[in-house]
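Listed below are the residues making up each chain.
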Amino acid sequence: MANQQFKTGEKAPETGTYKVDKLVNGNSSKDNTEIKLEEGEQFPPSPSENEAAYWVKRA
């Protein structure tokens, strides 16, 4: 599952720590926030930009 991206609104496939990879609108994100999600929880918008984002699981 290397670098698999998950979009805001999707559900986490497994419990873990995730970080913003980039914004859905194509802009790069300066958001380095990491969040912990439980399996089945929804991915939120980017915390700093409040925009839909692509998340990746931290290794």
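A brief structural summary. (Residues numbered from 1 in each chain as written. Predicted model: local features only at pLDDT ≥ 70, side-chain atom pairs only at ≥ 80, totals over all residues. Heavy atoms only, no water.)

## Here we look at the overall build of the chain
What the chain contains, in helices and strands, is zero helices and four strands. Moving toward the C terminus, one meets the helices and strands of the chain in the order β-β-β-β. The globule rule puts the C-alpha radius of gyration for 59 residues at 10 Å, and the 10 Å found for the chain is close to it. The burial tally for the chain puts 27% of its 59 residues in the buried class. A sequence separation of at least 24 residues applies to 61% of the contacts in the chain between residues at least 6 apart. Here the chain has roughly 3900 Å² of accessible surface; of this, 41% comes from carbon and sulfur atoms. (Helix = DSSP H or I, 4+ residues; strand = E, 2+ residues; numbered from the N terminus. Rg over C-alpha atoms; globule rule 2.2 N^0.38 Å. Buried < 20%, exposed > 50% of the residue type's maximum accessible area, 1.4 Å probe, protein only. Contact = heavy atoms within 4.5 Å. Areas by Shrake-Rupley, 256 points an atom, 1.4 Å probe, with all protein chains shown as cover.)

## Some remarks on the side chain of S46
One can find S46 in the loop between strand 3 (34-37) and strand 4 (53-57). If sequence neighbours within four positions are ignored, S46 has contacts with V20, L23, S29, D31, E51, A53 and W55.

## Observations concerning the sheet that holds strand 1 (residues 5-7)
Strand order in the open sheet made by the four strands is 1-4-2-3, with antiparallel pairing throughout. Either end of the sheet is taken by a strand with one partner, and the two such strands are strand 1 and strand 3. Ignoring which end each strand starts from, the neighbouring axes of this sheet average 40 degrees apart. Bridge count for strand 2 (residues 16-23) against strand 4 is five bridges, and the pairing is antiparallel. In the strand pairing of strand 4, K19 is matched with V56. (Pairing = 2+ DSSP bridges. Axes fitted to C-alpha atoms, helices over the stretch in contact; angles between N-to-C directions.)

## Describing the environment of K36
With respect to the helices and strands, K36 occurs in strand 3. With 22 residues separating them in the primary sequence, K36 and R58 have C-alpha atoms 10.0 Å apart.

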